[in-house]
Amino acid sequence: MSARVDVTLADAPFDPGAELSAFCMNAAGDGAVVSFVGLTRGQTGDGAEVATLTLESYRGVTLASMRAIADDAAARFAVGAIRVIHRAGTMQPGEPIVFVAASSPHRRVAFEAADYLMDRLKTEAIFWKREDGVDGARWIEPTDDDARDRARWE
Amino acid sequence: MALYTIELCGRLADRACAALTLELDAASCSVADLRAALAAAHPSLAADMANARVRACVDEVIVKDTFMVAAGQAIAFFPPVSGG
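Being a predicted model, the structure only gives us computed values, none of them experimental. All residue numbers here refer to positions counted from 1 along the written sequence of the relevant chain. Naming scheme: in the order in which they are written, chains are lettered from A and ligands are numbered from 1. Note on the predicted model: pLDDT of at least 70 is required for a residue's local features to be given, and 80 or more for side-chain atom pairs to be given and counted; whole-chain, interface and lining totals, by contrast, use all residues.

Undergrad: Any details on the overall build of chain B? Residues and values, ideally.
TA: Secondary structure follows DSSP: runs of H or I at least 4 residues long count as helices, runs of E at least 2 residues long count as strands, and numbering of each begins at the N terminus. Of regular secondary structure, chain B possesses three helices and seven strands. Its helices and strands in sequence order give chain B the pattern β-α-β-β-α-α-β-β-β-β, from N to C terminus. To get the radius of gyration, use the C-alpha atoms; to get the globule rule, take the number of residues to the power 0.38 and multiply by 2.2 Å. At 12 Å, chain B has a C-alpha radius of gyration in line with the 12 Å of a compact globule built from 84 residues. Seen through its principal axes, chain B has C-alpha atoms that stretch 40 × 25 × 20 Å. Think of it as a crowd count around each C-beta: if 20 or more other C-beta atoms lie within 10 Å the residue is buried, if 12 or fewer it is exposed, and in between it is partly exposed, with C-beta placed from the backbone throughout. Burial status across chain B gives 30% buried among its 84 residues. We call two residues in contact if the C-beta atoms placed from their backbones are at most 7 Å apart. Looking at chain B alone, contacts between residues at least 24 apart form 55% of all its contacts between residues at least 6 apart.

Take a look at the structure:
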């Protein structure tokens, strides 16, 4: 049985609670749903205040990269459904930036699929992230920790 | 002369501008040639053009340095990406 995969590149704020409710309604029969929500931080790693976060994307390549990651997760794990939403554009601190959910008959599989989706989205989805604060703008690149997290799935 | 339009994504746009044009003699060239021409025309991009982690994208497909690109195709350079 092939999993249902639904991927959205959102250029406006979305409601993760509503997305989770909708996902659960469609996941009936699987028994386990795991979701993750990433929120825009109000501070940088060194404590400076962030006014806005901007995620740049590129034409069809960004959505295609998200789809490829979601399809890989569906092929790798025994999941019934996968949902991925990623924001693009300019966000305020506290706004949801990413939402992933996976359903499965077994909870550990759902946890793993969500974990895998996030590790790959962090390092491979085609986005460029810029923090704008009072001290100016700063581009964020994946950290060594992000690369190590990604490497766990090799 | 052939005109190549190149988009620069993420932090690369800070080093030059978001889109620039390059005039070359040949109507097609490899991505490696394009990197060299771009580095020569815009020295601020030289380090990134020599960086293998900066990838080329032609008509919405990420390509290798040996890929032959024609003037008029949608060319972009991607610095390392960061989602989530």
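Structure's up, so let's keep going.
Undergrad: Please give an account of the environment of A:W139 that cites residues and values.
TA: Turning to its location among the elements, A:W139 is positioned in strand β8 (residues 136-140). Through-space distance from the C-alpha of A:W139 to that of A:L55 is 9.9 Å; in sequence the pair is 84 residues apart. Each residue touching A:W139, except ones within four places of it in the same chain, is listed here: A:W128, A:K129, A:R130, B:G10 and B:R11.

Undergrad: Can you lay out the interface of chain B and chain A for me, pointing to particular residues and giving the numbers?
TA: At the junction of the two partners, chain B supplies 13 residues and chain A supplies 22 residues. All amino acids are sorted into three groups, where Ala, Val, Leu, Ile, Met, Phe, Trp, Tyr, Cys and Pro are nonpolar, Asp, Glu, Lys and Arg are charged, and the leftover types, Gly among them, are polar. Per-class residue counts for the side of chain B that touches chain A are seven nonpolar, four polar and two charged.

Undergrad: Can you lay out the confidence of the model for chain B for me, pointing to particular residues and giving the numbers?
TA: Scored between 0 and 100, pLDDT is the confidence that the predictor attaches to each residue. In this model, chain B carries a mean pLDDT of 94, and residues with pLDDT of at least 70 account for 99%. Model confidence for the complex is summarised by a pTM of 0.94, with the ipTM given as 0.93.

Undergrad: Now, about the nonpolar core: what can you tell me, with residues and values included?
TA: One finds A:A73, A:V79, A:I82, A:A113, A:A114, A:L117 and B:F77 to be the most contacted residues of the largest nonpolar core, which totals 57 residues. No other element matches helix α3 (residues 107-124) of chain A, which puts eight residues into this core. Among residues more than four places away in sequence, those in contact with B:F77 are B:I6, B:L8, B:C9, B:L12, B:V54 and B:A56. Among buried residues, those of type Ala, Val, Leu, Ile, Met, Phe, Trp, Tyr and Cys that are joined through C-beta atoms within 7 Å form a set called a nonpolar core.

Undergrad: Talk me through unusual backbone geometry; I want residue IDs and the actual numbers.
TA: Glycine aside, negative phi is the norm for most residues, and most peptide bonds take the trans geometry. All names here are of chain B. Not every positive phi belongs to a glycine, and D59 is a case in point at roughly 50 degrees. For E60, which is not a glycine, the phi torsion comes out positive at approximately 70 degrees. With respect to the element layout, E60 can be found in the loop between β4 (55-58) and β5 (61-63). For E60, a count of 13 C-beta atoms within 10 Å corresponds to the partly exposed category.

Undergrad: Mind laying out the packing of α3(A) against helix α4 (residues 144-151) of chain A, listing which residues take part and the relevant values?
TA: Residue and element names in this part refer to chain A. Fitted lines through C-alpha atoms serve as axes, helices being fitted only where they are in contact, and the angles separating the N-to-C directions of these axes extend from 0 to 180 degrees. Look at α3 against α4: their axes get within 9 Å of each other, and the N-to-C directions meet at 135 degrees. In terms of orientation, α3 and α4 fall into the oblique class. Where α3 crosses over α4, the two elements pack in a sense that is left-handed. Between α3, through D119, R120, K122 and T123, and α4, the contact on the second element is made entirely by D146, A147, D149 and R150. By residue class, the composition of the contact of α3 with α4 is one nonpolar, one polar and six charged. In this scheme, roughly parallel covers angles under 35 degrees and roughly antiparallel covers those over 145, while 65 to 115 is roughly perpendicular and the rest are oblique. Rotating anticlockwise by less than a right angle from the far helix to the near helix defines a left-handed crossing, while the corresponding clockwise rotation defines a right-handed one.

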